[in-house]
Amino acid sequence: MRRIVLGIVEHQGKLLVFEGKQSITERIFYRPLGGGLEEGEDPREGLIREFREELGAEIEILEQLPTLENTYKWADQTKHEVAFLYRIRFLDGSIYDQQTLQVNDAPEVAFWKPLADFASGDWLVPEGLTDLLSNEQTDIQTEGPD
């Protein structure tokens, strides 16, 4: 089982993601930034490390979201992962003005994708993340003064 940690960064109704292609079906998917945890590594520390490595960016962890467990096929193998999710923000506010962000030492480019695209069917991974984020938006929008 692989343990990963992902940073959920939202800005103006958009989510910071990168685009990938499923190895068997070639279906396009989107995933927030983050990555695998090292043996014995605390997920919060791993997330800070991942954003430093991938973007050279410092982050603040705002809150932990529910953990998602996922089983999927990749290159004819069944994979199993547990994803620790954290809502975060960048300490450098100028990052939010960039339309794309090059991921260091990788071909991926991170970009801001409207959350509404996922509600309309674009594939956000790990599985369950679209529902989690849409439920949170509903909770936020329906909360009001007592």
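Look up a bit, the structure's there.
In what follows, the accompanying structure is described. (Residues numbered from 1 in each chain as written. Predicted model: local features only at pLDDT ≥ 70, side-chain atom pairs only at ≥ 80, totals over all residues. Heavy atoms only, no water.)

### Some thoughts on the packing of aromatic side chains
- For the structure on display, the rule yields six aromatic pairs.
- Both rings, one in F29 and one in W123, keep their centres 6.0 Å apart while their planes meet at 75 degrees; by these two values the pair is edge-to-face. With F29 in strand β4 (residues 28–31) and W123 in the loop between α2 (115–119) and α3 (129–142), this residue pair connects regions lying 94 residues apart in the sequence. Residues F29 and W123 agree in their burial class; the two are buried.
- Taken together, the ring pairs in this structure connect F51, F90, Y96 and W112 into an aromatic cluster.
- The positively charged end of K113 is found above the aromatic ring belonging to Y30, 4.6 Å away from the centroid.
- The aromatic ring of F118 is capped on one face by K113, whose charged end is 5.9 Å from the ring centroid. (Phe/Tyr/Trp six-rings, centres within 6.5 Å; stacked < 30°, edge-to-face > 60°. Helix = DSSP H or I, 4+ residues; strand = E, 2+ residues; numbered from the N terminus. Buried < 20%, exposed > 50% of the residue type's maximum accessible area, 1.4 Å probe, protein only. Lys NZ or Arg CZ within 6 Å of the ring centre and 35° of its normal.)

### Details of the pairing of strand β9 (residues 109–114)
- Summarising the sheet, strand β3 (residues 14–21) and β9 pair through five bridges and their orientation is antiparallel. By the bridge assignment for β9, K14 is matched with P114.
- Inspection of the sheet shows strand β8 (residues 100–102) paired to β9 by three bridges, in the antiparallel sense. Along β9, the bridge assignment pairs L101 with A110.
- With antiparallel pairing between neighbouring strands as the criterion, β8 and β9 make up a hairpin whose turn holds six residues, including D105 at a positive phi of roughly 55 degrees. (Pairing = 2+ DSSP bridges.)

### Here's the deal with the side chain of E54
- By secondary structure assignment, the location of E54 is in helix α1 (residues 43–55).
- As a buried residue without a salt bridge, E54 has its nearest oppositely charged side chain in R31, at a separation of 5.1 Å.
- One polar contact links the side chain of E54 to the main-chain amide nitrogen of G34, over a distance of 3.5 Å.
- Non-local contacts of E54, meaning those with residues more than four positions away in its chain, are made with L33, G34, Q102, V103 and N104. (Lys, Arg positive; Asp, Glu negative; His and termini not counted. Salt bridge = Lys/Arg side-chain N within 4 Å of Asp/Glu carboxyl O. Polar contact = N/O pair within 3.5 Å; in protein donor to acceptor, adjacent residues only side chain to side chain. Contact = heavy atoms within 4.5 Å.)

### Overview of the nonpolar core
- By size, the foremost hydrophobic cluster in this structure holds 26 residues, and its most contacted members are L16, F51 and F90.
- Listed by contribution, the elements that provide at least two residues to this core are β3, α1, β6 (59–74), β7 (77–90) and β9.
- With five residues, the single largest contributor to this core is β7.
- Among all residues touching F90, those that are not within four sequence positions of it are V9, L16, F51, L55, A57, E58, I59, I95, Y96 and W112.
- If you look at the next biggest cluster of nonpolar residues, it comprises 16 residues, including I4, Y30, L115 and L129. (Core = buried A, V, L, I, M, F, W, Y, C linked by side-chain atoms within 4.5 Å.)

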